[in-house]
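Overview (structure and organization)
In case you want the letters, here they are:
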Amino acid sequence: LMKNTGTLFSNDANPKRLKGLVGNIQRMGVRNTVVTNYDGRVFPRVLNGFDRVLLDAPCSGLGVISKDPSVRLQKDEGDVQRCSTLQKELILAAIDAVDAGSKSGGVIVFSTCTITVEENEATVDYA
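Summary of the structure given here. Positions within a chain are numbered from 1, following the residues in the order the chain's sequence is written. Confidence filtering applies because this is a predicted model: local features only for residues at pLDDT of at least 70, side-chain atom pairs given and counted only at 80 or more, and all residues used for totals across whole chains, interfaces and linings. Excluded from the side-chain calculations are hydrogens and water; all other atoms, namely the structure's heavy atoms, are used.

1. A word on the overall build of the protein chain
Note the following rule: Secondary structure elements are taken from DSSP: a helix is a run of H or I of four residues or more, a strand is a run of E of two residues or more, and numbering for both begins at the N terminus. Only protein chains enter the accessibility calculation, which uses a 1.4 Å probe; a residue whose area is less than 20% of its type maximum is buried, one above 50% is exposed, and one in between is partly exposed.
Secondary structure assignment for the protein chain yields five helices and four strands. Along the protein chain, from the amino end to the carboxyl end, the secondary structure elements read β-α-β-α-β-α-α-β-α. With the C-alpha coordinates of the protein chain rotated into their principal frame, the extents come out at 45 × 35 × 25 Å. Residues counted as buried form 30% of the 127 residues belonging to the protein chain.

Right under this line is the structure:
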């Protein structure tokens, strides 16, 4: 997509996922990536001024029930509320990290794999 131009910052708060992330980046032949390990809520204090931010937010996973029906039995309303709260904190951090004055105007893409309104529309409306 970027054709190895510019700089891509790829952050994951979970240090156990970094090895897989780096492996995927190398497998795809991406050479313009900096991999970081920060809590996304504090990321704007570390780095900011981005043209674009893709926030693939942690979620309850209720959108994958068709692939894994056991998800429905493992989650409750408390899980949805905890995820929704975290997502709101992360989307506010994404807003702080993006540069609205950039050529792109500062684009934020918010992504989850759930189907709940609380974790999607309500989070975006909150921001």
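Next comes the rest of the description.
2. Quick look at the layout of surface pockets
Left-over empty space is what a probe sized like a water molecule reveals as it rolls over the atoms. To be explicit about the condition: Only protein atoms enter the 1 Å grid used here, on which a cavity is any set of points holding a 1.4 Å probe that cannot leave and a pocket is any open set flanked by protein within 12 Å on both sides along at least five of seven lines; residues with an atom within 4 Å of a point are listed as lining. Grid points are joined across faces, edges and corners, and a volume is the space filled by probe spheres set on the points. Gly is put with the polar residues, along with every residue not named as nonpolar or charged; the nonpolar set is Ala, Val, Leu, Ile, Met, Phe, Trp, Tyr, Cys and Pro, and the charged set is Asp, Glu, Lys and Arg.
Size it by volume and the largest pocket reaches roughly 1,700 Å³. What lines the largest pocket is a set of 42 residues, and nearest its centre among them are Phe9, Ser10, Asn11, Leu54 and Asp56. Of the residues that constitute the lining of the largest pocket, the class distribution is 23 nonpolar, 11 polar and eight charged.

3. Some words on the pattern of salt bridges
Spelled out, the test is: A pairing counts as a salt bridge when a side-chain nitrogen of Lys or Arg comes within 4 Å of a carboxyl oxygen of Asp or Glu.
Tallied over the entire structure, the rule returns four salt bridges. Where Asp12 meets Arg17, a salt bridge forms, and the shortest distance between an N and an O atom there is 2.8 Å. Taken together, the shared-partner salt bridges connect Asp39, Arg41 and Glu89 into one network.

4. Some words on helix α1 (residues 18-27)
The condition is simple: The directions considered for the arc are those from the helix axis to the C-beta atoms. Here a residue-residue contact requires only that any non-hydrogen atoms of the pair lie within 4.5 Å.
If you check which residues of α1 are buried, you get Leu18, Leu21 and Ile25. Summarising the axial view, the buried residues of α1 lie within an arc of 60°, below the 170-degree limit, and thus occupy one face. Looking at α1, the residues exposed on the side facing more than 90 degrees away from the buried face are Lys19, Gln26 and Arg27. Buried residues along α1 sit in contact with β1 (8-11) and β2 (33-36).

5. Quick notes on the side chain of Asn120
Just so we agree on the cut-off: Side-chain atoms alone can form a polar contact between residues adjacent in sequence; in general such a contact is a pair of N or O atoms within 3.5 Å, and within protein one must be able to donate a hydrogen while the other accepts it.
Assignment of secondary structure puts Asn120 in the loop between β4 (107-111) and α5 (121-126). In terms of polar contacts, Asn120 uses its side chain to reach the backbone carbonyl oxygen of Thr114, at 3.1 Å. If sequence neighbours within four positions are ignored, Asn120 has contacts with Phe110, Thr112, Thr114 and Ile115.

6. Notes on the nonpolar core
Note the cut-off: Among the buried residues, those of types Ala, Val, Leu, Ile, Met, Phe, Trp, Tyr and Cys that are joined through side-chain atoms within 4.5 Å form a nonpolar core.
Membership of the largest hydrophobic core is limited to six residues, which are Phe43, Phe50, Val53, Ala94, Ala97 and Val98. If near-sequence neighbours (up to four positions away) are discounted, Val98 is found in contact with Phe50, Asp51, Arg52, Val53, Gly106, Val107 and Ile108.

7. A few points about the packing of aromatic side chains
Selection criterion: A pair of Phe, Tyr and Trp rings is counted when the ring centres sit within 6.5 Å of each other, with Trp represented by its six-membered ring. The angle between the planes then sorts it: under 30 degrees is stacked, over 60 is edge-to-face, the rest tilted. Geometrically, a lysine NZ or arginine CZ counts as sitting over a ring once it is within 6 Å of the ring centre and also within 35 degrees of the ring normal.
For the structure shown, the criterion picks out three aromatic pairs. Ring geometry for Phe9 versus Phe50: centroids 5.4 Å apart, planes at 70°, classification edge-to-face. Residue Phe9 is located in strand β1, and its partner Phe50 is located in the loop between α2 (43-46) and β3 (52-56); the two are separated by 41 residues in the primary sequence. The class for Phe50 is buried, based on a relative accessible area of 15%. Plain terms: the ring middles of Phe43 and Phe50 are 6.0 Å apart, the flat faces sit at 25° to each other, and that makes the pair stacked. The burial state of Phe43 is the same as that of Phe50; both residues are buried. Here Lys88 stacks its cationic end above the ring of Tyr126, 5.2 Å away from the centre of that ring.

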